[in-house]
Amino acid sequence: MDCLFCKIIAGEIPSKKVYENEYVYAFHDINPQAPTHILVIPKKHLASTDEVSGENSIYVAKVFEAIPQIAAEAGLTGGYRVITNCGADACQSVGHLHFHVLGGKQLPENMG
Ligand code: AMP
Ligand code: ZN
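Residues numbered from 1 in each chain as written. Chains lettered and ligands numbered in written order. Predicted model: local features only at pLDDT ≥ 70, side-chain atom pairs only at ≥ 80, totals over all residues. Heavy atoms only, no water.

A separate point is the site of ligand 1. Taken together, 16 residues are adjacent to ligand 1, and Asp29, Asn85, Ser93, His98 and His100 come closest. Interatomic distance of 3.2 Å between a backbone N/O atom of Cys91 and an oxygen atom of ligand 1. In this structure, an oxygen atom belonging to ligand 1 sits 3.1 Å away from a main-chain N or O atom of Val94. When the free accessible area of ligand 1 is taken as 510 Å², the share hidden by the protein chains comes to 83%. Among the secondary structure elements, those contributing two or more residues to the shell around ligand 1 are α1 (4-9) and β2 (24-28). Per-class residue counts for the shell around ligand 1 are 8 nonpolar, 7 polar and 1 charged. (Near = heavy atom within 4 Å. Polar contact = N/O pair within 3.5 Å; in protein donor to acceptor, adjacent residues only side chain to side chain. Areas by Shrake-Rupley, 256 points an atom, 1.4 Å probe, with all protein chains shown as cover. Helix = DSSP H or I, 4+ residues; strand = E, 2+ residues; numbered from the N terminus. Nonpolar A, V, L, I, M, F, W, Y, C, P; charged D, E, K, R; others polar.)

And the structure:
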């Protein structure tokens, strides 16, 4: 499958990995929008939140179980924001479900 993030998980495209387990892979965003900007992704290809179901939601649960550890290791003691973009109106640009973890500064209140 021609998916950028599947290739990153497979090691075919390099990434700055910060965390990995059986279900989850996390790495630094190539174009950070905050001092810390990490992408946390399921190792199963799901195009977006639109493809989350009872059959695969363990991958989403595992993402959220990993996020506190990822945030702590990144030093985000002041807090952080988790965002996922789904579809054109949200400007999703990579068609593999991913969660942005942003922090390291006071983030703007406005989210859209
Ligand atoms: P979205 O716009 O929500 O689909 O987010 C896609 C994110 O992937 C953007 O923040 C990009 O900067 C990031 N991105 C694209 N290519 C790479 C890459 N090769 N390595 C790391 N992050 C990437
Ligand atoms: Zn994929």
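This part covers the sheet that holds β2. In space, the 5 strands of this open sheet follow the order β1-β2-β3-β5-β4, with antiparallel pairing throughout. In this open sheet, the two edge strands, each paired with only one partner strand, are β1 (17-20) and β4 (80-83). Each neighbouring strand pair of the sheet contributes to a mean axis angle of 20 degrees, computed without reference to strand direction. Looking at chain direction, β4 and strand β5 (residues 99-103) are connected through 4 bridges and run antiparallel. (Pairing = 2+ DSSP bridges. Axes fitted to C-alpha atoms, helices over the stretch in contact; angles between N-to-C directions.)

With that settled, the discussion passes to the coordination of the zinc ion (ligand 2). At 2.1 to 2.3 Å from the zinc ion (ligand 2) lie its protein donor atoms, namely Cys3 (SG), Cys6 (SG), His45 (ND1) and His96 (ND1). Between the 4 donor atoms coordinating the zinc ion (ligand 2), the angles at the centre fall across 105 to 116 degrees, so the site counts as tetrahedral. Motif for the zinc ion (ligand 2), donor spacing along one chain: C-x2-C-x38-H-x50-H. Exposure remark for Cys3: the relative accessible area of 5% places this residue in the buried category. The class of Cys6 is partly exposed, set by a relative accessible area of 22%. (Donors = N, O, S within 2.8 Å, 3.2 Å for Na, K, Ca; no water. Tetrahedral: all angles 85-135°; square planar, octahedral: opposite > 155°, others 65-115°. Buried < 20%, exposed > 50% of the residue type's maximum accessible area, 1.4 Å probe, protein only.)

Our next topic: the environment of Ile30. Looking at the element boundaries, Ile30 is found in the loop between β2 and β3 (36-42). Here Ile30 falls in the exposed class, since its relative accessible area comes to 85%. Spatially, the C-alpha atoms of Ile30 and Ser57 are 27 Å apart, while their sequence positions differ by 27 residues.

This part takes up the environment of Ala74. With respect to the helices and strands, the residue Ala74 is situated in the loop between α2 (57-73) and β4. Residue Ala74 is classed as partly exposed on the basis of its relative accessible area of 29%. If we skip the residues at most four places from it in the chain, Ala74 touches Thr36 and Ile38. (Contact = heavy atoms within 4.5 Å.)

Looking now at the packing of aromatic side chains. Inspection of the entire model under this criterion finds 4 aromatic pairs. Ring plane angle 50 degrees and centroid distance 5.8 Å describe the contact between Tyr25 and Phe27, whose orientation is recorded as tilted. Judged by relative accessible area, which is 8%, Tyr25 ranks as buried. (Phe/Tyr/Trp six-rings, centres within 6.5 Å; stacked < 30°, edge-to-face > 60°.)

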